[in-house]
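An overview of the molecular structure
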Amino acid sequence: MSFLKFLFGKPRLNYRQKYELLQEAISGTMSLVYKARDKKTGELVAVKVINSEILKKVSARWKGVKKPTEGQISMMFEHPYIVKTLDHGLTTSGEQYLVMEYLEGTGLNNILLVPDDLMAGSRTYYMRQVAEAIWEVHKKGLIHRDICPRNLLFVGDATVLKLIDFGLTIPNRSPFTDAGNRTGTPNYMAPELVRRKPTDLRVDVFSFGVTMYELFTRELPWPRGDTGIAAMSHSEPPRPITDYRPNINKAVAKAIHSCIEPDVSRRCPDMEKFLKMIQKVQEDDEIPKTPE
């Protein structure tokens, strides 16, 4: 290792020099994501460049506390249902970047808008994948904080649903879980998060439950809030999932409802417990059919 590299750490990346950018950037809440090709190896990757100004505003919530970067968090995972991160660091412009495996596919949010039932017979299969991905996040001592259809990506021939985007992920400990730190996507945020109360892993359990309810019904368990966070009162009990899907497996219905319990003390405590609740559900007709 050179003396300069020892002093200043990893060299900064000129991503436009290293990669051929193959399509216009997809704009996210905090970042731009490019489909790119490594000019030396020819490997297709996704390059994510994080907006420094927005990142400063988010990070200001934990002023004086060292929070792992999105790149550091993302590099922790080697899991079949979590997007793989290959590299991370700073660009020559001082922005944080991540280089990830390129996933050809579409988000669950887009599939839910398609009239045809593309997930027929496969919902429990996908639900297990998402639960296992979140469980892996929790076993690393982290809370994802933004489980929602937009952050679940169908890959390739749609036999795999992968968890993406760790931009809001935090360690599962104080001060990150203290009262007042509210982040996430409205309609999927747990009541204690909306009300700025202390949080734990169960905020992910709740948002997972809302997402799975929507996976099975294309509807939300509460009226969809058009006014953002202010509409998410959860003052009424969730609508029974059987109202939309009368023939849903009873164990699956019970497990999903256990996740969207507004009272955190009565909510399913973790993803391991959830997976045990659905372990006996038969999957004979739920494996995605291979296209002919």
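Thresholds, definitions, all that
- Residues numbered from 1 in each chain as written.
- Predicted model: local features only at pLDDT ≥ 70, side-chain atom pairs only at ≥ 80, totals over all residues.
- Heavy atoms only, no water.
- 1 Å grid on protein atoms, 1.4 Å probe; cavity = no way out; pocket = protein on both sides within 12 Å on 5 of 7 lines; lining within 4 Å.
- Points joined across faces, edges and corners; volume = space filled by probe spheres on them.
- Helix = DSSP H or I, 4+ residues; strand = E, 2+ residues; numbered from the N terminus.
- Nonpolar A, V, L, I, M, F, W, Y, C, P; charged D, E, K, R; others polar.
- pLDDT = per-residue confidence, 0-100.
- Expected span 1.5 Å × (residues − 1).
- Buried < 20%, exposed > 50% of the residue type's maximum accessible area, 1.4 Å probe, protein only.
- Phe/Tyr/Trp six-rings, centres within 6.5 Å; stacked < 30°, edge-to-face > 60°.
- Lys NZ or Arg CZ within 6 Å of the ring centre and 35° of its normal.
- Pairing = 2+ DSSP bridges.
- Axes fitted to C-alpha atoms, helices over the stretch in contact; angles between N-to-C directions.
- Contact = heavy atoms within 4.5 Å.

Right, let's get into the layout of surface pockets. Approximately 1,100 Å³ is the volume found for the largest pocket. Lining the largest pocket are 46 residues, and of these Gly28, Val33, Asn151, Ile164 and Asp165 sit closest to its centre. Going through the elements one at a time, β2 (26–27), β3 (31–38), β4 (44–50), α3 (52–59), α4 (70–74), β6 (96–101), β7 (105–107) and α5 (108–111) are the ones with two or more residues in the lining of the largest pocket. Taken together, the residues of the lining of the largest pocket sort by class into 18 nonpolar, 18 polar and 10 charged.

What follows covers empty space enclosed by the protein. Inspection of the entire model under this criterion finds 1 cavity of 30 Å³ or more. What lines the largest cavity is simply Arg145, Asp146, Ile147, Gly184, Thr185, Tyr188, Met189, Ala190, Leu193, Val203, Asp204 and Ser207. The element contributing the most residues to the lining of the largest cavity is helix α8 (residues 202–217), with 3 residues. Looking at the lining of the largest cavity residue by residue, the class counts come to 6 nonpolar, 3 polar and 3 charged.

On to the confidence of the model for the protein. In low-pLDDT segments, the atomic positions of the prediction should not be examined closely. On average, residues of the protein score 89 in pLDDT, and 91% of them reach the 70 mark or higher. Model confidence for the protein, summarised as mean pLDDT per element, is weakest for helix α1 (residues 3–8) at 40 and strongest for strand β8 (residues 142–143) at 98.

Attention now goes to α8. Every α-helix carries 3.6 residues per turn, so stepping three or four residues along brings you back to the same face. Over its 16 residues, α8 runs 22 Å from end to end, which matches the ideal 22 Å to within 8%, given 1.5 Å per residue. When you tally the buried positions in α8, you get 15 out of 16 residues, the bulk of the element. Positive phi shows up at Arg218, right after α8, with a value of about 65 degrees.

All right, on to the packing of aromatic side chains then. For any pair of aromatic rings, the description rests on two quantities: the centre-to-centre distance and the angle between the ring planes. For the coordinates displayed, the defined rule picks out 7 aromatic pairs. Here the aromatic rings of Tyr15 and Tyr34 are separated by 5.9 Å at their centres, their planes lie at 40 degrees, and the arrangement is tilted. Placement of the pair is Tyr15 in helix α2 (residues 15–18) and Tyr34 in strand β3, with a sequence separation of 19 residues. Taking relative accessible area as the criterion, Tyr34 reaches 8% and is therefore assigned buried. Connected via pairs of aromatic rings, a cluster forms that spans Tyr125, Tyr126 and Phe154. A cation over a ring is seen here: Lys139 above Trp135, with NZ or CZ 4.3 Å from the ring centre.

One open sheet accounts for 3 strands, arranged β7-β9-β10; its pairing is antiparallel. Both outer strands of the open sheet, β7 and β10 (160–163), are each paired with one neighbouring strand and no more. Direction aside, neighbouring strands of the sheet carry axes that sit 30 degrees apart on average. Two strands pair when backbone bridges link them, and β7 and strand β9 (residues 152–155) are joined in this way by 3 bridges, in the antiparallel orientation. Bridging across to β9, Thr106 finds its partner in Phe154. Most of the contacts of helix α6 (residues 123–139) go to β10, to which it runs at about 30 degrees, and overall it touches β9 and β10.

So, about unusual backbone geometry. The omega angle of the peptide bond from Ser174 to Pro175 is 5 degrees, so this bond is cis rather than trans. On the secondary structure map, Pro175 appears in the loop between β11 (170–171) and α7 (191–194). Its identity is not glycine, yet Arg145 carries a phi of approximately 75 degrees, on the positive side. Positionally, Arg145 belongs in the loop between β8 and β9.

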